[in-house]
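These are the residues of each chain, in order.
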Amino acid sequence: MDRATFSEDLRRFVLTSIPSVPFLEALLLLRADPRQQWHADTLARRLYISERVAHGLLEALCTAGMAGPCEPAATGCYRYQPASPALQSRIDALAELYARHLVEVTNLIHSSLDRKAQQFADAFRWRKDS
């Protein structure tokens, strides 16, 4: 995918704010119907993941300012709720890009994970100058 298709702003957003493909898939499911109330069991069934993982994704979306608890506050209930119009705009742009360039976006997310894993591994590598 060329840089013109994948703006630097959107690329940076993916690398800094989208930790995994399941996170992105959960985000896009919530975004599809902002009025929908999501519980971990429902999200787990839709994404074919465990309820524990789904709960972690919902919590991570809240921490990232992309989702929030349902009102009135119902335990374990979440919905799409970007913290700002700017964040909502980035998510909308990412959803459009992902619909047209799924493989490229997925590769970018994985490249970020690979890079972080390598940095972590390098931190434990013995060096001659140590």
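Scoring rules and cut-offs
- Every chain is numbered on its own, with residues counted from 1 as its sequence reads.
- Two thresholds apply to this predicted model, a pLDDT of at least 70 for residue-level local features and 80 or more for giving and counting side-chain atom pairs, whereas whole-chain, interface and lining totals are computed over all residues.
- Side-chain figures throughout are based on the complete set of non-hydrogen atoms in the structure, without hydrogens or water.
- A run of DSSP states H or I qualifies as a helix once it reaches four residues; a run of E qualifies as a strand once it reaches two. Both are numbered from the N-terminal end.
- Remark: exposure states derive from per-residue accessible area (1.4 Å probe, protein chains only) relative to the maximum for the residue type, with buried under 20%, exposed over 50%, and partly exposed in between.
- Should any heavy atoms of two residues lie within 4.5 Å, those residues are considered in contact.
- Reported accessibility uses the Shrake-Rupley method at a 1.4 Å probe radius. Residues are deemed covered only where the shown protein chains occlude them.
- To qualify as a nonpolar core, a set must consist of buried Ala, Val, Leu, Ile, Met, Phe, Trp, Tyr and Cys residues joined through side-chain atoms within 4.5 Å.
- Fitted lines through C-alpha atoms serve as axes, helices being fitted only where they are in contact, and the angles separating the N-to-C directions of these axes extend from 0 to 180 degrees.
- Oblique is the label for any angle not covered by the other classes, which are roughly parallel (under 35 degrees), roughly antiparallel (over 145) and roughly perpendicular (65 to 115).
- In this classification, the charged set is Asp, Glu, Lys and Arg, the nonpolar set is Ala, Val, Leu, Ile, Met, Phe, Trp, Tyr, Cys and Pro, and all remaining amino acids, among them Gly, are polar.
- What counts as a salt bridge is simple: a side-chain nitrogen of Lys or Arg found within 4 Å of a carboxyl oxygen of Asp or Glu.

As recorded in an unreviewed UniProt entry, the chain goes by the name Transcriptional regulator, listed as coming from Massilia agilis.

**Student:** What exactly am I supposed to notice about the overall build of the chain here?
**Tutor:** In terms of regular secondary structure, the chain is built from 6 helices and 2 strands. Secondary structure of the chain in N-to-C order comes out as α-α-α-α-β-β-α-α. Counting across all 130 residues of the chain, residues that qualify as buried make up 35%. Within the chain, counting contacts between residues at least 6 apart in sequence, those at least 24 apart form 55% of the total. In the form shown here, the chain has an accessible surface area of approximately 8100 Å², with 54% of it arising from carbon and sulfur atoms.

**Student:** Explain the side chain of Arg79 here, please?
**Tutor:** Secondary-structure assignment places Arg79 in strand β2 (residues 78-80). When neighbours within four sequence positions are excluded, Arg79 is seen to be in contact with Leu30, Pro34, Arg35, Gln36, Gln37, Ala67, Gly68, Cys70 and Glu71.

**Student:** Please explain the nonpolar core as it appears in this structure.
**Tutor:** Among soluble globular proteins, nonpolar side chains are generally buried collectively. Among the nonpolar cores identified, the biggest contains 36 residues, and Ile18, Leu24, Leu43 and Met66 are the most heavily contacted of them. If you list the elements that add at least two residues to this core, you get α1 (8-17), α2 (21-32), α3 (40-47), α4 (51-63), β2, α5 (85-100) and α6 (102-123). The biggest single contributor to this core is α2, with 8 residues.

**Student:** Can you walk me through the packing of α2 against α4 in this structure?
**Tutor:** Each pair of packed helices can be described by the angle between their axes along with the distance between the axes. Interhelical geometry of α2 versus α4 gives an angle of 75° and a closest axis separation of 10 Å. Between α2 and α4, the angle falls in the class roughly perpendicular. Contact with α2, carried on its side by Pro22, Phe23, Ala26, Leu27 and Leu30, involves Leu57, Leu58, Ala60 and Leu61 of α4 and no other residues of that element. A per-class count over the contact of α2 with α4 returns 9 nonpolar, no polar and no charged.

**Student:** Sorry if this is basic, but what is going on with the packing of α1 against α5 here?
**Tutor:** At a minimum axis distance of 10 Å, the contact between α1 and α5 shows a crossing angle of 95°. The orientation of α1 with respect to α5, classified from their angle, is roughly perpendicular. Contact residues: Asp9, Leu10, Phe13 and Val14 in α1; Leu87, Arg90, Ile91, Ala93, Leu94 and Leu97 in α5. A per-class count over the contact of α1 with α5 returns 8 nonpolar, no polar and 2 charged.

**Student:** Help me understand the pattern of salt bridges in this model?
**Tutor:** Proximity of charged atoms lets side chains of opposite charge pair with each other. Tallied over the full model, the rule gives 6 salt bridges. With a closest N to O distance of 3.6 Å, Glu96 and Arg100 form a salt bridge. Here Glu96 and its partner Arg100 are both found in helix α5, 4 residues apart, which amounts to about one turn of the helix. Across this residue pair, the class does not change: Glu96 and Arg100 are exposed.

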